[in-house]
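Okay, here's what each chain looks like letter by letter:
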Amino acid sequence: MGIEVLEEVHAPERLVQEVQRLEPDLLICDTVQPGDALLAALKALGQASPCPVLLFSEQDDEPAMAEALAAGVHAYVVKGYDAARLQALVRLARTRFAHEQALLARLVDVSARLEDRKVIDRAKGILMRARQVSDDDAFEILRTTSMQTNQRLGQVSQHIILSARAAEDVNRAGQLRMLSQRIVKLALFRGAGVTPARVQEALDESLARAESNLAFLLKSPGQAAFAELLAQVQTRWDKVKALLKGPMTGERALQLDVAAESLLDAAEQLTTRLEGSDPAPRLHVLNVAGRQRMLSQRFAKLAVLDVLDSADTAGARARLKSLIDIRTDIEKTLAYLEGIPLSNPQIRHQLEAAALCWKQLVEAAATPVPDMASKTRTALRARAPRQAEQRRLGQLAASSEALLEIFENLAGQYEHSMQMLMG
């Protein structure tokens, strides 16, 4: 009939392998009854290397036909092999196969368009929240970027979604660093009787925030790669939380600070790993900006301990050195952020506000300048009277919380900046 037979295959388990090797235009099956092994092989073939399938069978019951068609048969002929009809049946099988492939292609295209629409809508939502723009403006941003980068709207939108999620993961992990220090600071304020109602409210908010961030990170799509670090953070956070129950005695405050330092170390590792999961440098900027929050709270915590314990001890001198080191770190980072191109008017405004508020916190802490680091504790000052001590603690509470709010806004500006989202 003018048809070249490439090979006969008698074992169904070899069918897929042989079709992939020979790449025939058509597969003809001649069987008394299409058994389970053949049907399974045809299904596998349809997934791996689809081709037209013509099947001759002696079985004419409807269930057998339905199973064969579901397995990928395009022409099912019952007791009807006839050389004169073979060419017509071949054409039937190939025509139905072509029709089926066209329908599948249309289905894939429609599914892709629907998926793109969902992705585009999500990306628009991210841009609308981050940049405070309308739906139309967000779509115009996507369309312009699509044309400039020669990518489909869906590709651009997917990139924004992934960038936003990576940035949020880094930001939330970075918040855990800050919260480890803020919680100790607030616990010290509570123990010293500084604005009890406001301090307790801030402490409750910090606890809820830490729980929320941990829950978010544990549900993150990429959490499996950081499961061990997340488990460490969770364990150390549970210990910090347990130490906050009950009165804040001197011994308990020391235990809390040690536990918080352990939590800080784990959260720092997690944030660094999350940053490193994206090869683009933008997450580094977000990490550095977010770290200012932690440093501000660590500085305030040490300054509070400095007020409460003025004795000239090795621990006090170590705190003094840490205060100077943190001051240097914060000011260097502020200068770095002011000098990089990843900026906008809102970020510049927040940087200016941060510099001013940071100066107020330094004044409240009465920390020495770096060239005084070698002086002894006794040479700096004696313990202040109770009234002056409370006044300083109140100043530290107000200025450190104000600076934290600015640094929080600054990190949010970086997280939602166009450079962060669009790369």
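Note that the structure is predicted; figures quoted are calculated from it, not measured. (Residues numbered from 1 in each chain as written. Predicted model: local features only at pLDDT ≥ 70, side-chain atom pairs only at ≥ 80, totals over all residues. Heavy atoms only, no water.)

1. Quick look at the packing of aromatic side chains
Consideration 1: Using the criterion set out here, one finds one aromatic pair in the structure.
Consideration 2: Residues phenylalanine 299 and tryptophan 358 carry aromatic rings whose centres are separated by 4.9 Å and whose planes lie at 65° to one another, so their mutual orientation is edge-to-face. Of this pair, phenylalanine 299 sits in helix 10 (residues 282-308) while tryptophan 358 is found in helix 12 (residues 345-365), placing the two residues 59 residues apart along the sequence.
Consideration 3: Its relative accessible area of 0% is what places phenylalanine 299 among the buried residues.
Consideration 4: For arginine 172, the ring lying beneath its charged end belongs to phenylalanine 216, and the centroid distance is 4.0 Å. (Phe/Tyr/Trp six-rings, centres within 6.5 Å; stacked < 30°, edge-to-face > 60°. Helix = DSSP H or I, 4+ residues; strand = E, 2+ residues; numbered from the N terminus. Buried < 20%, exposed > 50% of the residue type's maximum accessible area, 1.4 Å probe, protein only. Lys NZ or Arg CZ within 6 Å of the ring centre and 35° of its normal.)

2. Considering the sheet that holds strand 3 (residues 75-78)
Consideration 1: Taking strand neighbours across the sheet as the criterion, the three strands line up as 1-2-3 in an open arrangement whose pairing is parallel. Looking at which strands have only one partner, the edges of the open sheet turn out to be strand 1 (27-31) and strand 3. Taking each pair of neighbouring strands and ignoring which way they run, the sheet shows an average axis angle of 15°.
Consideration 2: Looking at chain direction, strand 1 and strand 2 (residues 53-57) are connected through five bridges and run parallel. (Pairing = 2+ DSSP bridges. Axes fitted to C-alpha atoms, helices over the stretch in contact; angles between N-to-C directions.)

3. Points about the pattern of salt bridges
Consideration 1: The final tally for this structure, using the stated rule, is 29 salt bridges.
Consideration 2: Between glutamate 408 and arginine 209 there is a salt bridge, with the nearest N and O atoms lying 1.9 Å from each other. One end of the pair, glutamate 408, is in helix 14 (residues 386-415); the other, arginine 209, is in helix 7 (residues 196-218), and 199 residues separate them in sequence.
Consideration 3: Residue classification places glutamate 408 among the buried positions, given a relative accessible area of 17%.
Consideration 4: Looking at arginine 209, the relative accessible area reads 17%, which means it is buried.
Consideration 5: As a salt-bridge pair, aspartate 257 and lysine 301 come within 2.8 Å of each other at their nearest N and O atoms. Here lysine 301 lies in helix 10 and aspartate 257 lies in helix 9 (residues 250-276), a separation of 44 residues in the sequence.
Consideration 6: Among the residues examined, aspartate 257 registers a relative accessible area of 16% and is labelled buried.
Consideration 7: Taken together, the shared-partner salt bridges connect Arg182, Lys185, Glu205, Arg209, Arg293, Glu401 and Glu408 into one network. (Salt bridge = Lys/Arg side-chain N within 4 Å of Asp/Glu carboxyl O.)

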